[in-house]
Amino acid sequence: MQMPVRRPMVGMAVFFIAGILLAEYCAIPAAWVWGAAAAFALCATMSLLMVELPWLANVCIFALVAAVGVLCQQSTTRTLPPNDIRFAAQATSSFAKLRGVITSPPESERLEPVLPDPSKDSDPDIRTTFDVRATAICIGSEWRNVTGLVRVRIYEKATDLRYGDEIEFSGGLKRPPPQTNPGQFDYARFLARQGIFAVASVGSRENVQRLSAGHGSWVKRRLFAVRRAAQAVFDRFAGPQTGSILSCMLLGHRQAVHGRLAEAFVRSGTAHVLAISGLHLMILAGTLWRVLCLTPLDRRLNAVLLLIFIGFFVGLTGMRAPVVRAGVIAGMMCIGEILSKRSDTLNSLGAAAVLILLGNPNEIFSAGFQLTFTAVLGIVCFAWPMGSFIFGQPTAIDRLAVEDERSVAREWLGPYARTNSAVSCATMLTTAPLVAWHFHIFAPIAIFVNLLVFPFLWIIISLGALEILAGMIYLPLAWPLAQCVNGTTYLFAKMVLLAEKIRFGYAYLPGPSDIWLIGCYGILLIAACRSLLPVKRVYVWAMMAGLFILPSALRAVSTPPDELRVTCLDVGRGAAFVVEFPNGRNLLYDAGTARRYDVGRSVVAPFLWSRGIRKVDALVISHAHADHFSGVPAMCERFPVKSVFINRRFAEQPTPAWVIDWLRLHKAGVEIVAAGDRIAGYGECSVEVLHPPDGPILDMLAPNDQSCALRIRWRDFCLLLTGDLEDQGVCMVRRNFPGLRADAMQVPHHGRLSAAIRDFVEGCSPKAALVNTDETDLSPAVRQLASRGIEVYATPEAGAVTLRLDRGGNVRVEAFCSCKSSVDAMRPKKIP
C-alpha cells in the first residue's frame, strides 16, 4: 500500500537529518535505538496490513527513518580497532615509515609565501595532497599491520602517483592539530568526520616508492584516468591562471585557484562557480539535452543518453555532495521523461539528501552540503515570488503582443534578467546567513555579478567540455576551442577582479549567533509555508526586520564589560596578543608566525570575530621579523585599523616597508614610537612604551633588541609585553626602569632564556608568564620558573591563554586547551 504523502522523500530527509543530529548531540544507547527501530517497523507493517491506518503507518515509518539516521551516525563514531593508525600517531610529529594504498587522486596546489619579498622573485612551493589507506607501519626494523586513513602531504609536485597505487613512504606522522584558539577552524574535527585521524608530511617525492598499481575500484581508476587526460589538455593550451580556473570549474580540482584570485572570487560572491556543483552539471546537461533534441532520436532515447552522461560526470568529479544532489534531480527528470511522468524537484532534493547522508552522515555538518541544499530550496521556494516582487507581473499588453512586434530586448534580455535576478536574490536570501556564519562575509554585489558572469560561465563550461572531448580524440582539434575558452576565461577572471574592487560590494563581519541563525531560518520557513499558515506577508516582513534591527539595537545600548581582558593566541613561534580595555577599545600586539600559513586570516581574524570585534583601534608591531607581522596584511583586509605603532628602524627592510605601504593603502595611520611614549585613548588604563629608546643607540641594536616593549596598567595590575628582547634589550629595560614589576608578562624571545633574560623575568616577579612557542618540550630554564612561584602558560600546552582582571582586582587565567586536546569551553583557573 502506498503512503498517502505527497512528497515522501522530503519527510524522510527531514527525519533522517533529525536522527543524525539527535545522535550527534545526545548519547543514546545503540540497543535502545535498535529496539525502537524494530518496534516502529512492526507497528508500520501492522498499520498497513492489518489495521489499515495510513496516518499511523506514516508516523511509524518516519520515526523508523529517524532511528536509522541515529544508527548511521553512531556507526561513524564506532570504537577503533587496536591496530588503527591513530594509536601509532602522536600529538607531535615523529618519523615513521608506512605502506598503504592511495584512495584519492593526488592534487597539487601552489603554496605562495604569506608575505612577498619585493627584493627577489621566488617561485612558490608546490604541495601534493592525497589520502592513503595504511596497511603496515615500520617500528624499528619490524613491520606491523595497521589500518585507517592517513592524509599525506608531499612538499613537491608528485602527480605521477595514481589512485590505487600501493606505496611506501617515510616522513613525519602525527595526529591532526586540534583547535587551540577561539573561533579557529577545527581541522582535527573536519578530518575526523571523514574518518581520518592521522596526517603525514613527506619532504620530497624521493621519499615515496611505488610498490604496485591497480588496487581500488576499477571504475574509479578509469574515471580518474579520464580526469588526468582532461587536465593534460588544459595544461597544453591554457596558461597558469586560466588553467587553474578551468581545472576547478570542470574537473573539481579544489586547490587549483589560490592566493589573490581565490580571495577575489570569495569577495565578489562568485566562489560557488569555482567549486564544481549542480550549476555546472545543469549547464552541461541542459546544453547536451538541447543538442540531442536537434537529432532525429526519440526523446526517451535522448533521456537515456543524458542519464548515462549524468552518471559519468558525477563519478568523474568524485561524487561530491553538490554534484550528487544535482545528479539525482536531473536523473529523476530523465527517468520521468523515460516513463512519461513529471518529476518533483523537492521530492528529488529529499532523495538526494538521503542518498548523500547514507554514504556519510557527517556531510550534514559540512558548509558545502548546507549551502548547496539551502540554495536549491531558496530557488524553489522564493525565486518566483522574488521575480514578481522586483519586476511585477507581466502586463496584458506583454502577453498579447505578436511575436514579430516583440523586440530582442523584450524577447531575450527581459526574461534573462528577470529569471537570473530572481534566482540570485532567492539564493542570496537563503544562503547569506549561513555564509556569514561560516565565513564571516556578506557580498551583496554577488546579485549583480552573477547576472553578468553567467553567459561567460555557460561558454566556459560548454566549450570547455567540448575542448576536453576534442583533445582526447586528437589534440590539435582542441586548439581553436581552447583559444575561445581561454579568452572567455581571461575576461571572466578580469570581471571578478574588477567586481572585488567595488566599494561596499562586500563586508567582513562577526558571524551571527546560533540563536539568530535558527530564528532567521525559522522565519524563512514560515515565509515558504505561508500559503499553509494563517500568516500575513506584512507579519513576515516585520519579523525579518526585527531580526536584523534587534541585534544592532542591543549592541548600541550595551556597555562594555568592566574588565581588562588580555588574550595570548597560539600561533606557534610568533606572537599575537589581543588586549580589550574596560572602555571598549582594543589593542593588537603583533600578528605573525614562523609557520607556513597566514595567521591573520586563520587565527587572529576568527578570534576577533568570535569576540564581536569589528575594528582594531591600535596595532603595535614589535620589530621587523616576519614571525611578528606576517598576518598583518590579511588582518588589515578584514578589519579597519585606526593606528599602527612601530619603531623607527622597522621599515628599513623591503618586506616591512611593503607592509607599511599596505597599511597606508588601507587608511591606517602609521606612527613612530620610542621609550617614554604613551598610547592614548584607553581611559583609566595606561599603555606606555618602555623600549626601544630613540636616537643613535637604536641603530646599534640587533633587530630583536629593537622590539617595542609595552607596559599596560590598570589600577594595581601590570602587564608587560616584551616581543623578542634579548640580553642587551632586557638589560636596557632593567637599567632604565629599576624595580620594574609585573603581575603578568610575555616571556621574551619565545622562552629562549639566557641568564640575563631569566634574571629579568625573575626580577619582574610575575604571577603568570606567557610563552609563545611551537616547542612542546620547553627548556629547563622555563620549567624552573615554576619553582620561583611563577605560573607558566605555554601555548603548545594551553592553547590560547586569556587573563581577565575585574575592577575588584580579581585575576583569572583561562587556558583554551586542557593538556593537548581541544575542549569546547575555556577552563578558568585563578592565579595563586
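This structure is a prediction, so every number in the text was calculated from the model and none was measured. (Residues numbered from 1 in each chain as written. Predicted model: local features only at pLDDT ≥ 70, side-chain atom pairs only at ≥ 80, totals over all residues. Heavy atoms only, no water.)

A.B. asks: Honestly, the overall build of the protein chain in this entry has me stumped. Any pointers?
C.D. replies: Along the backbone of the protein chain there are 26 helices and 25 strands. For the protein chain, whose C-alpha radius of gyration is 30 Å, the value lies close to the compact-globule estimate of 28 Å for 832 residues. Taken along the three principal axes of its C-alpha coordinates, the protein chain extends 95 × 75 × 70 Å. Across the 832 residues that make up the protein chain, the buried fraction comes to 48%. For the protein chain, long-range pairs separated by at least 24 residues make up 69% of all intrachain contacts whose partners lie at least 6 apart in sequence. Total accessible area computed for the protein chain in this model is approximately 40000 Å², and 61% of it derives from carbon and sulfur atoms. Side-chain charges of the protein chain comprise 82 positive and 66 negative groups, with the mean position of each set lying 5 Å from the other. (Helix = DSSP H or I, 4+ residues; strand = E, 2+ residues; numbered from the N terminus. Rg over C-alpha atoms; globule rule 2.2 N^0.38 Å. Buried < 20%, exposed > 50% of the residue type's maximum accessible area, 1.4 Å probe, protein only. Contact = heavy atoms within 4.5 Å. Areas by Shrake-Rupley, 256 points an atom, 1.4 Å probe, with all protein chains shown as cover. Lys, Arg positive; Asp, Glu negative; His and termini not counted. Charge placed at Lys NZ, Arg CZ, Asp CG, Glu CD.)

A.B. asks: I'm lost on the sheet that holds strand β20 (residues 744–746) in this one. Help?
C.D. replies: Each strand in a sheet pairs with its neighbour through backbone hydrogen bonds, running either in the same direction (parallel) or in the opposite one (antiparallel). Strand order in the open sheet formed by six strands is β17-β18-β19-β20-β21-β22, with mixed pairing between adjacent strands. Where the open sheet ends on each side, the last strands, each with one partner, are β17 (686–691) and β22 (791–794). On average, each strand axis in the sheet is inclined to that of its neighbour by 20 degrees, with strand direction left out of account. (Pairing = 2+ DSSP bridges. Axes fitted to C-alpha atoms, helices over the stretch in contact; angles between N-to-C directions.)

A.B. asks: So what exactly am I meant to see when it comes to the pairing of strand β19 (residues 717–721) here?
C.D. replies: Along any regular strand, the residues point their side chains to alternate faces of the sheet. In terms of burial, β19 is a largely internal element, five of the five residues being buried. In terms of strand pairing, strand β18 (residues 709–714) meets β19 through five bridges, oriented antiparallel. Among the inter-strand pairings, L710 is bridged to a residue of β19, identified as L721. Counting the residues in the hairpin turn of β18 and β19 gives two residues, including R715, whose phi is positive at 55 degrees. Bridging between β19 and β20 involves two bridges; their strand directions are parallel. Within β20, the position partnered with L719 by the bridge is A744. Once you follow β19 into helix α23 (residues 727–736) and on to β20, the crossover reads as right-handed. (Right-handed = clockwise from strand over helix to strand, strands pointing away.)

A.B. asks: Just checking my understanding: could you explain the packing of helix α7 (residues 259–267) against helix α16 (residues 478–500) for this structure?
C.D. replies: Between two packed helices, what matters for the description is the angle formed by their axes and the separation of those axes. One way to put it is that α7 packs onto α16 with a least axis distance of 8 Å and a crossing angle of 65 degrees. If you check the angle between α7 and α16, you find them roughly perpendicular. Both α7 and α16 take part in a crossing whose hand is left-handed. Judged by residue contacts, R260, L261, A264, F265 and R267 of α7 engage F492, A493, V496, L497 and E500 from α16. The class makeup of the residues in the contact of α7 with α16 is seven nonpolar, no polar and three charged. (Parallel < 35°, antiparallel > 145°, perpendicular 65-115°, else oblique. Left-handed = near helix turned anticlockwise from the far one by under 90°. Nonpolar A, V, L, I, M, F, W, Y, C, P; charged D, E, K, R; others polar.)

A.B. asks: Honestly, the pattern of salt bridges in this entry has me stumped. Any pointers?
C.D. replies: Oppositely charged side chains can pair when the atoms bearing their charge come close. A complete count under the given rule lists 32 salt bridges for this structure. Across the salt bridge formed by R638 and E637, the nearest N and O atoms sit 3.6 Å from each other. The exposure class assigned to R638 is buried, which follows from its relative accessible area of 7%. In this structure E637 comes out as buried when scored by relative accessible area, which is 15%. A salt bridge links D699 to R649, with the nearest nitrogen and oxygen atoms 3.3 Å apart. Taken together, the residues D699 in helix α22 (residues 696–700) and R649 in the loop between β15 (641–646) and α21 (654–665) connect sequence positions 50 residues apart. Residue class for D699 comes out partly exposed when judged on its relative accessible area of 41%. The network of salt bridges with shared partners includes R260, E263, R267, E500, R601, E637 and R638. (Salt bridge = Lys/Arg side-chain N within 4 Å of Asp/Glu carboxyl O.)

A.B. asks: Would you explain the confidence of the model for the protein chain in this entry?
C.D. replies: Low pLDDT means the predicted coordinates in that region are not meant to be read closely. Of all residues in the protein chain, 93% have pLDDT values of 70 or greater, and the mean over the chain is 84. Counting interchain partners and residues more than four positions distant, the pLDDT-below-50 stretch residues 819–832 has 38 contacts. (pLDDT = per-residue confidence, 0-100.)

A.B. asks: Looking at this structure, how should I read the nonpolar core?
C.D. replies: In summary, soluble globular proteins display a tendency toward joint burial of nonpolar side chains. I245, M249, F265 and F492 are the most contacted members of the largest nonpolar core, which has 63 residues in total. Setting aside residues up to four positions removed in sequence, I245 forms contacts with V257, L261, F265, L274, T489, F492 and A493. In terms of nonpolar packing, the next biggest core, distinct from the first, is built from 39 residues, Y508, V571, L588 and F629 among them. (Core = buried A, V, L, I, M, F, W, Y, C linked by side-chain atoms within 4.5 Å.)

A.B. asks: Looking at this structure, how should I read the state of the cysteines?
C.D. replies: Here, the word disulfide means a covalent bond between the sulfur atoms of two cysteines. This model, assessed by the stated rule, comprises zero disulfides. The structure places no disulfide on C568, whose sulfur is separated from the nearest cysteine sulfur, that of C817, by 12 Å. Under the relative-accessibility criterion, C568 is labelled buried at 0%. The thiol of C708 is unpaired, and the distance to the nearest cysteine sulfur, on C718, comes to 17 Å. The exposure class of C708 is buried, given its relative accessible area of 1%. (Disulfide = S-S within 2.5 Å.)

A.B. asks: Can you help me understand the packing of aromatic side chains in this one?
C.D. replies: Given two aromatic rings, one states the distance between the centres and the angle between the planes to describe the pair. In total, this model carries 15 aromatic pairs according to the counting rule given. Between F185 and F190, the ring centres sit 5.5 Å apart and the planes meet at 55 degrees, which makes this aromatic pair tilted. Relative accessible area serves as the criterion here: at 54%, F185 is assigned to the exposed category. Residue placement shows R99 over the ring face of W143; its charged tip is 3.8 Å from the ring centre. Stacked on the ring of F365, the Lys or Arg R193 has its end atom at 4.0 Å from the ring centre. (Phe/Tyr/Trp six-rings, centres within 6.5 Å; stacked < 30°, edge-to-face > 60°. Lys NZ or Arg CZ within 6 Å of the ring centre and 35° of its normal.)

A.B. asks: Mind showing me how you'd approach a nonpolar patch on the surface here?
C.D. replies: Side chains of L297, L301, V304, L305 and I308 sit close together on the surface and give an oily, nonpolar patch of about 390 Å² of accessible area. For L297, the location among the structural elements is in the loop between α8 (278–293) and α9 (299–316). (Patch = residues over 30% accessible without salt bridge, like charges linked within 9 Å, V, L, I, M, F, W, Y side chains within 5 Å.)

A.B. asks: Looking at this structure, how should I read helix α6 (residues 240–251)?
C.D. replies: Structural remark: α-helix, 3.6 residues per turn; residues separated by three or four positions point the same way. Between the first and last C-alpha of α6 there are 15 Å, a value that for twelve residues agrees with the 16 Å anticipated at 1.5 Å per step. When α6 is considered as a whole, its buried residues turn out to be T242, G243, S244, I245, L246, S247, C248, M249, L250 and L251. Elements that come into contact with the buried residues of α6 comprise α5 (218–237), α7, α8, α9, α15 (446–473) and α16. A positive phi of about 75 degrees marks G252, the residue just after α6. (Expected span 1.5 Å × (residues − 1).)

A.B. asks: Can you walk me through the pairing of strand β5 (residues 149–154) in this structure?
C.D. replies: In terms of burial, β5 is a largely internal element, five of the six residues being buried. The pairing of strand β3 (residues 125–139) with β5 spans six bridges and is antiparallel. Bridging across to β5, V132 finds its partner in V150.

A.B. asks: Whenever I open this one, the packing of α5 against α6 confuses me. Can you help?
C.D. replies: Viewed as axis vectors pointing N to C, α5 and α6 meet at an angle of 150 degrees, and their least axial separation amounts to 10 Å. With respect to their mutual orientation, α5 and α6 come out roughly antiparallel. In terms of crossing hand, the pair formed by α5 and α6 is right-handed. Of the residues in α6, those in contact with R227, A230, Q231 and F234 of α5 are L246, S247, L250 and L251. Residues belonging to the contact of α5 with α6 are distributed by class as follows: five nonpolar, two polar and one charged.

A.B. asks: Teacher, can you tell me more about the side chain of S244 here?
C.D. replies: Within the secondary structure layout, S244 lies in helix α6. At 2.6 Å, the side chain of S244 forms a polar contact with the backbone oxygen of Q241. (Polar contact = N/O pair within 3.5 Å; in protein donor to acceptor, adjacent residues only side chain to side chain.)

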